[in-house]
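Report on the structure
So the chains spell out like this:
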Amino acid sequence: MLDYGSVVLTLSNVLLPSEKLYPNPTPSMIEGLPYDIEYDLRLIGCELIQTACLLLKLPQTAVATGQVLFHRYFYSSSFVRRQMEIVAMACTNLAAKIEENARRIRDVVNVFHHIKQVRSGKNIRPLLIDQTYIDRKNEVIKAERRLLKELGFCVYVKHPHKMITMYLKVLEKERERHLVQYAWNYMNDSLRTDIFLRFTPETIACACIDLAARTLQITLPKSPPWFIIFGARQSEIHFIMIAILRLYEHRPKSLDELEKLVNTIREKRDNDRKQIRSDLIQSTELGNDSPSQQIAQNSISSTVINTTTMTTTFIQQDASTVIATTQEITNVTTTTTNGKIIKKRDRGSSRESSTVNTHRHHRSRRKRSSTRSRSSSRSTSRSSVHRSQKKKKTSRRSRSRSRSSTPKRRKHQKEKRHRSRSSNRRKKDKKRRSRSSSPEESQYSTTNKHPLSTKDTNNNLHQRSHHHHHSSKHSNGVSSSSNKKLKN
């Protein structure tokens with residue numbers, strides 16, 4: 001079974017292993033960057049994050065998380081590959097989100113631009129919203145995603161600020177404000193180093209309290225040492241104190257100088273990669289064929305062999321059919337007797353001819369079906385073309401109408417629609433009335449008849465019958481006279 005890697009998200013898994021930390025080679029040292037430059041870049045990046053968080057009015061917890069994430073990321077990636085300033089922006093943005101004080105990326109970019117101008121001593125100008133600003137914003141978003149991916153979404157940071165006040169209460173020194181303030185300041189300054197990746201926050205809090213007590217010359221219990229209660233060791237406390245004091249003695253280079261050095265190393269790396277690629281291309285051109293090319297040639301030859309075998313089989317089948325037809329022609333004997341032609345065939349030839357006829361019949365069917373399919377495809381294509389032309393015409397007409405439409409014409413169209421709707425409503429109302437009134441009128445006509453109406457109807461019937469009788473006499477007279485003429 002294969003062993004798959006996993007990301008462990010526990011509070012005890014906050015520290016990095018000693019194998020990844022200095023003096024062992026870091027990712028930037030592997031790519032040719034010396035550790036002094038890396039140390040200066042770490043210091044300046046943490047200072048940028050701290051000043052940016054102050055300008056953005058973020059709490060100190062957000063500052064601590066941003067600086068710790070910055071150190072963690074550059075122990076898994078190098079300063080040569082990634083720009084320090086963009087990663088610092090991403091760390092501040094992500095820290096603000098983690099501490100539930102989110103800020104806009106636009107504000108973060110503007111703050112870093114302002115800090116860079118102040119550091120370099122240039123005239124302060126606002127950042128224009130142009131393509132460079134959009135590119136910078138997209139780079140920050142990508143850097144934030146990359147940061148989460150490299151850290152495995154393990155962004156938890158345990159802050160030791162509360163531990164300082166708690167330990168001083170245990171030591172009964174919480175009333176001494178200077179001691180509390182000095183310890184707090186040392187804690188904030190230690191975030192610029194990689195101490196939080198090496199030691200637990202409890203030992204860091206003990207080291208800050210011990211350093212503040214020594215600077216202020218305040219005595220703490222020594223027999224036994226007071227930090228043993230909190231699980232700290234003397235060697236670890238000394239290492240942390242030396243790392244903090246080194247910050248005040250060391251003077252890092254300017255950001256412009258560090259960027260120039262990093263750019264030279266980056267260009268050298270790119271040139272080395274280009275040379276390696278060119279050497280590989282030349283070796284492949286001059287040397288023998290690669291195994292991939294041999295595999296491709298073998299596949300091509302196999303396909304050629306398969307095609308040749310298929311063609312031979314088809315040729316053999318066609319030759320057999322030709323031989324059968326020639327046998328039919330030879331077996332047929334024509335004899336002429338008294339101006340008539342008589343054809344004679346053998347029994348075997350008749351069988352062969354029947355098979356050939358069946359093959360021909362199938363071929364003719366295939367040809368007919370192919371011609372039908374072609375004609376249908378042509379008709380469908382023509383119909384599709386005709387439809388597309390119609391659509392184009394209609395679209396042009398609609399465009400011309402829409403262009404030529406005026407407010408008067410629109411009013412006229414609205415009036416027409418209103419008239420049509422009103423006429424339709426009237427028709428519907430008439431139909432409903434007729435349907436509702438028809439059965440009632442029939443009942444009224446059958447039951448409630450006026451007596452005068454019956455007399456009028458009888459008189460009318462009498463007049464009609466009299467008129468009909470008179471017309472019949474007249475017609476009979478004409479017919480009788482015509483009969484008399486015919487008799488004469």
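Residues numbered from 1 in each chain as written. Predicted model: local features only at pLDDT ≥ 70, side-chain atom pairs only at ≥ 80, totals over all residues. Heavy atoms only, no water.

As annotated in an unreviewed UniProt entry, the chain carries the name Cyclin-like domain-containing protein and is attributed to Adineta steineri. For the record of the chain, the UniProt heading Sequence similarities (unreviewed entry) holds the text "Belongs to the cyclin family." (UniProt positions renumbered as here; feature names shortened; annotations may be inferred.)

Brief notes about the overall build of the chain
For the chain, the helix and strand inventory stands at 15 helices and 2 strands. Taken across its 488 residues, the chain has 26% of its residues classed as buried. A separation of at least 24 residues holds for 74% of the contacts in the chain among residues at least 6 apart in sequence. Accessible surface, the chain: about 35900 Å² in total, of which carbon and sulfur atoms supply 53%. (Helix = DSSP H or I, 4+ residues; strand = E, 2+ residues; numbered from the N terminus. Buried < 20%, exposed > 50% of the residue type's maximum accessible area, 1.4 Å probe, protein only. Contact = heavy atoms within 4.5 Å. Areas by Shrake-Rupley, 256 points an atom, 1.4 Å probe, with all protein chains shown as cover.)

With respect to the nonpolar core
Judged by nonpolar contacts, the single largest core of 45 residues is most densely connected at Leu33, Leu41, Phe70, Phe79, Met84, Cys91 and Phe112. For this core, the secondary-structure elements that each account for two or more residues are α2 (35–55), α3 (60–73), α4 (84–98), α5 (105–120), α6 (131–151) and α11 (255–286). With 9 residues, the top contributor of residues to this core is α4. Apart from residues no more than four positions distant in its own chain, Phe112 is found in contact with Leu48, Ala52, Glu85, Ala88, Met89 and Thr92. In terms of nonpolar packing, the next biggest core, distinct from the first, is built from 38 residues, Leu21, Phe196, Ala205 and Met241 among them. (Core = buried A, V, L, I, M, F, W, Y, C linked by side-chain atoms within 4.5 Å.)

Focus: the state of the cysteines
By the definition in use, this model includes 0 disulfides. There is no disulfide at Cys46, and the cysteine sulfur nearest it, in Cys91, is 8.8 Å away. (Disulfide = S-S within 2.5 Å.)

Some remarks on the packing of α4 against α6
For any two helices packed against each other, the geometry is given by the interaxial angle and the distance between the axes. Packing of α4 against α6 brings their axes to within 8 Å, and their N-to-C directions diverge by 70°. When the interaxial angle is binned, α4 and α6 end up roughly perpendicular. Considering only the axes of α4 and α6, their crossing is right-handed. Contact residues: α4 offers Glu85, Ile86, Met89, Ala90, Cys91, Asn93, Leu94 and Lys97, while α6 offers Arg136, Glu139, Val140, Ala143, Glu144, Leu147 and Leu148. In terms of residue class, the contact of α4 with α6 is made up of 9 nonpolar, 1 polar and 5 charged. (Axes fitted to C-alpha atoms, helices over the stretch in contact; angles between N-to-C directions. Parallel < 35°, antiparallel > 145°, perpendicular 65-115°, else oblique. Left-handed = near helix turned anticlockwise from the far one by under 90°. Nonpolar A, V, L, I, M, F, W, Y, C, P; charged D, E, K, R; others polar.)

Observations concerning the environment of Phe112
If you trace the backbone, Phe112 turns up in helix α5. Owing to a relative accessible area of 1%, Phe112 belongs among the buried residues under this scheme. As for Phe112 and Ala52, which are separated by 60 residues in sequence, their C-alpha atoms are 6.6 Å apart.

Describing helix α9 (residues 201–216)
Because an α-helix completes one turn every 3.6 residues, residues spaced three or four positions apart along the sequence face the same direction. With 16 residues, α9 should reach 22 Å at 1.5 Å per residue; the first-to-last C-alpha distance of 23 Å fits that figure. Within α9, 13 of the 16 residues are buried, which leaves the element mostly enclosed by the surrounding structure. The first or second residue beyond α9 is Gln217, which carries a positive phi of 55°. (Expected span 1.5 Å × (residues − 1).)

Looking at the packing of aromatic side chains
Taken as a whole, this structure holds 12 aromatic pairs when the rule is applied. Note on Phe70 and Phe74: the rings are 5.0 Å apart at their centroids and 65° apart in plane angle, and the pair reads as edge-to-face. Look at Phe70 and you get buried, because its relative accessible area is 0%. Within the aromatic cluster, the residues linked to one another by ring pairs are Phe70, Tyr73, Phe74 and Phe79. Just above the ring of Tyr75 sits the side chain of Arg42; from NZ or CZ to the centre is 4.2 Å. Lying across the ring of Tyr39, Arg246 places its NZ or CZ 4.5 Å from the centre. (Phe/Tyr/Trp six-rings, centres within 6.5 Å; stacked < 30°, edge-to-face > 60°. Lys NZ or Arg CZ within 6 Å of the ring centre and 35° of its normal.)

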